[in-house]
Amino acid sequence: VQTCALPICKIVNQKPKVPSSDPELAFNELMQTVAASTQQLMIDFLAHQPEAFKREIDQYMFSNEFLKGMSEIRLDPVTAIEANVNFWKDTFDLWGRALNDELGVPGKEVVTPEKDDYRFRSKSWTEDRIFDFIKQSYLLVARYIMTSVESVEGLDEKKKTQIDFFIQQYIDGMAPTNFILTNPDVLRRTIESDGQNLLKGFQNILSDLERGEGQLKTRMVDADAFELGKNVAVTPGKIIYQNELIQLIQYEPTTSKVNRTPLLIVPPWINKYYILDLQPKNSLIGWLVAQGHTVFVISWINPDSNLAEKGFDDYLLEGPLAALDTIETITGSSETNAIGYCLGGTLLSATLAYLSAIGESDRVASATFLATMIDFANPGDLGVFIDHEQVTNLETRMNQDGYLDGSDMATTFNMLRANDLIWSFVVNSYLMGDKPPAFDLLYWNSDSTRMPAKMHSQYLRKMYLENSFKEPGGMTVAGIPLDVSSIKNPAFFLGTVDDHIAPWKSTFGGASLFKGSTKFVLSGSGHIAGVVNPPAANKYGYWSSRERPKGDPDSWHQKATLKEGSWWPHWQRWITKYVGSKVVPRKPGRKKNFPALEAAPGSYAARRFD
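Residues numbered from 1 in each chain as written. Predicted model: local features only at pLDDT ≥ 70, side-chain atom pairs only at ≥ 80, totals over all residues. Heavy atoms only, no water.

### Here we look at the overall build of the protein
- Scanning the protein from terminus to terminus reveals 22 helices and 19 strands.
- Taking all 610 residues of the protein together, 52% fall into the buried category.
- Pairs at least 24 apart in sequence give 80% of the contacts found in the protein among residues at least 6 apart.
- About 28,300 Å² of surface is accessible on the protein, with carbon and sulfur atoms providing 54% of the total. (Helix = DSSP H or I, 4+ residues; strand = E, 2+ residues; numbered from the N terminus. Buried < 20%, exposed > 50% of the residue type's maximum accessible area, 1.4 Å probe, protein only. Contact = heavy atoms within 4.5 Å. Areas by Shrake-Rupley, 256 points an atom, 1.4 Å probe, with all protein chains shown as cover.)

Structure below.
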């Protein structure tokens, strides 16, 4: 409070300007004042904070480009007037409904939360007239603000997206659910427990501050409830190879015969692989083993500063390429099927382009890409964090440590779903006083991974900023230019309809770049649930078509057939033509030159820097 008091007083006590009679100019002046005042407030506030806190928050500050954009906005008069008229009409309707409720004449809600907005799922938000009024008032103001922002002119799409995003963050943070006096469930808990929930919440805050060494790092999960190899990442396997960047896991066969062609999974290097092996009921890896595949999985190192100079070349050569060499020696198969997930799929496509350039493309019998972007023209919500200024600032930070800390990336992803992954935990932990839940997916999400400075900088610039990866010669590996359009390997692409990290239309565009036989399937749900969707759950469904992915993705979607359940069996039918004959199972650790080094999930996956 003391560190904020002076700058807040300065802003509050500023002599107000006489507002312009022109509504557009008045709005622009207001936004410029807010932007400048906010910037000065944060500068003064940060001047009193520890260095570690400054570094943590710096990447989420409004950049100069963002503030410049705020000063350049111009209103579309017609849209602005329409937004104002609609807002006041809805406001009067809301007051009229409140009056009718008081008279015992119930009316229809003026505004309702979105279907996937779980903040107001409690019955109190509907059954209690006061809180129903608070809820609808908030939703009306939120809608009005966003509609007004959408009416601005004179900005390119990038700046407009950034402004929309950060204003949405503000709106989400100001929701009545986040405050004691305007959250009926918190009030009820406070009365029933004689305030013990607030005391426990304060204890949770102190615990999180201690854990974060002075920084407030809200716990999302009860980490003590899980242990790698015990109740997560439990599919039996062995580490049969490792280098500086990877451990290669070979899983124990569970069928009397297996496919001759082995299967390699390349997960993203920004997360730990066991999202695909959480528990037996939802393990894609376990399911693949049960289908008769000899499954190998790359487990990336959680790097420290010693690996700062590891770049994209190293990750390709010491990752998928080293794994392919090892798999061929162990199994005797000259071909391997490969699956890449997210950025692991991007790396897999670079591997295919590299093998094509050196005349060895036949080493990969087929390639599957799960929620993978190759064309980064539309990078989704992550694009709000990526411009030249922000990447340059990030590189400066990374060069000091030699890596990007995993918690930084985790916070970035959490901000994309702030209501679900930030504010809900703030409310439950600090207001309700609850313990963090024991949930396997949240445990994985909190088990973040660092990234070497060189690697992170290269893929941000080449892929997100320049989008040169998809261009012939846009990237090179070991001096060899890559050309993804030269890839002729049979390919299966999976997009997920609600994906905010790898938007399905972007994955569709990447699939259209390949020359070989290519199939595209669109799963329901998002980046994780749409991929990790076991058949037994019978959820979400998927769209499939015999048409090759090309042209307009919406046109493809309209013609595609919606099918119930998981896409996993559909993929299994597709890959059958590439698995070869049945052979005797190969058990890990039996090859003389590749003994079992340790049991899966291995020491690389277990390495943490909390």
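### Observations regarding unusual backbone geometry
- The omega angle of the peptide bond from Ala600 to Pro601 is 10 degrees, so this bond is cis rather than trans.
- With respect to the helices and strands, the residue Pro601 is situated in the loop between strand S19 (598-599) and helix H22 (603-606).
- Within the chain, Cys342 stands out as a residue other than glycine whose phi angle is a positive 55 degrees.
- With respect to the helices and strands, the residue Cys342 is situated in the loop between strand S8 (336-341) and helix H13 (343-357).
- Its identity is not glycine, yet Asn538 carries a phi of approximately 55 degrees, on the positive side.
- As for its placement among the helices and strands, Asn538 is situated in the loop between strand S15 (518-523) and strand S16 (542-544).
- For Asn538, a relative accessible area of 52% corresponds to the exposed category.

### Observations concerning a nonpolar patch on the surface
- A surface patch of nonpolar side chains, amounting to about 330 Å² of accessible area, comprises Tyr170, Met174 and Phe179.
- Overall, Tyr170 belongs to the exposed group, its relative accessible area being 53%. (Patch = residues over 30% accessible without salt bridge, like charges linked within 9 Å, V, L, I, M, F, W, Y side chains within 5 Å. Salt bridge = Lys/Arg side-chain N within 4 Å of Asp/Glu carboxyl O.)

### Observations concerning the pattern of salt bridges
- Counting across every chain of the model gives 24 salt bridges.
- Salt-bridge contacts for Asp554 lead to Lys505; the nearest nitrogen and oxygen are separated by 3.0 Å. Within this pair, whereas Asp554 is found in helix H20 (residues 553-559), its partner Lys505 is found in helix H19 (residues 504-511), the two being separated by 49 residues in sequence.
- Connected via shared salt-bridge partners are Asp325, Glu328, Glu360 and Arg363.

### Description of the packing of helix H14 (residues 388-401) against helix H18 (residues 453-465)
- For the pair H14 and H18, the least separation of the axes is 10 Å and the interaxial angle reads 170 degrees. Put simply, H14 runs roughly antiparallel to H18. Residues His388, Val391, Thr392, Leu394, Glu395, Met398 and Asn399 of H14 pack against Ala453, His456, Ser457, Leu460, Arg461 and Leu465 of H18.
- Among the residues making up the contact of H14 with H18, the classes are represented as six nonpolar, five polar and two charged. (Axes fitted to C-alpha atoms, helices over the stretch in contact; angles between N-to-C directions. Parallel < 35°, antiparallel > 145°, perpendicular 65-115°, else oblique. Nonpolar A, V, L, I, M, F, W, Y, C, P; charged D, E, K, R; others polar.)

### Some details on the sheet that holds strand S17 (residues 561-563)
- Judged by pairing direction, the sheet is mixed, and its 11 strands sit side by side in the order S17-S16-S15-S14-S9-S8-S6-S7-S4-S3-S19 without closing on themselves. Each edge of the open sheet carries a strand with a single partner, namely S17 and S19.
- Relative to S8, strand S6 (residues 263-266) runs parallel, the two being bridged by four bridges. Bridging from a neighbouring strand, Leu264 pairs with Ala338 of S8. (Pairing = 2+ DSSP bridges.)

### Description of the nonpolar core
- Residues Trp269, Tyr459, Trp567 and Trp571 are the most contacted members of the largest nonpolar core, which totals 126 residues.
- Excluding its chain neighbours within four sequence positions, the residues that come into contact with Tyr459 are Trp269, Ile270, Leu343, Met409, Met451 and Tyr464.
- One finds Trp125, Ala142, Val152 and Leu155 within the second-largest nonpolar core, a separate group that totals 18 residues. (Core = buried A, V, L, I, M, F, W, Y, C linked by side-chain atoms within 4.5 Å.)

### Re the side chain of Arg450
- Relative to the assigned elements, Arg450 resides in the loop between helix H17 (440-446) and strand S11 (451-452).
- Side chain to side chain, Arg450 and Tyr403 meet in a polar contact 3.1 Å long.
- For Arg450, the contacting residues outside a window of four places in its chain are Trp269, Asn302, Pro303, Asp304, Tyr403, Leu404, Asp405, Gly406 and Phe609. (Polar contact = N/O pair within 3.5 Å; in protein donor to acceptor, adjacent residues only side chain to side chain.)

### Examining helix H12 (residues 312-331)
- Over its 20 residues, H12 runs 27 Å from end to end, which matches the ideal 28 Å to within 8%, given 1.5 Å per residue.
- The sharpest bend along H12 measures roughly 35 degrees and falls at Ala322.
- The element H12 is largely enclosed, with a buried count of 14 among its 20 residues.
- A positive phi of about 80 degrees marks Gly332, the residue just after H12. (Expected span 1.5 Å × (residues − 1). Bend = angle between axes of the 7 residues up to and from the residue.)

### Observations regarding the packing of aromatic side chains
- For the structure on display, the rule yields 27 aromatic pairs.
- On the numbers, 5.3 Å between centres and 55 degrees between planes, the contact of Phe492 with Trp574 is tilted. Here Phe492, found in strand S14 (residues 491-496), pairs with Trp574, found in helix H21 (residues 568-575); they are 82 residues apart in sequence, far enough to count as distant.
- Among the residues examined, Trp574 registers a relative accessible area of 10% and is labelled buried.
- When the centroid spacing of 6.2 Å and the interplanar angle of 40 degrees are considered together, the rings of Trp504 and Phe520 count as tilted. In this pair, Trp504 sits in helix H19 while Phe520 sits in strand S15, placing the two residues 16 residues apart along the sequence.
- By relative accessible area, Phe520 is classed as buried at 0%.
- Here the aromatic cluster, defined as three or more aromatic residues joined through ring pairs, consists of Trp269, Trp300, Tyr315, Phe376, Tyr459 and Tyr464. (Phe/Tyr/Trp six-rings, centres within 6.5 Å; stacked < 30°, edge-to-face > 60°.)

### Observations concerning the side chain of Glu395
- Topologically, Glu395 is positioned in helix H14.
- Here Arg461 takes part through its side chain, which lies 2.8 Å from a polar atom of the side chain of Glu395.
- Look past the residues within four positions of Glu395 in its chain and what remains in contact with it is Ser457 and Arg461.

Don't take any of this as a statement about function, it's just geometry.
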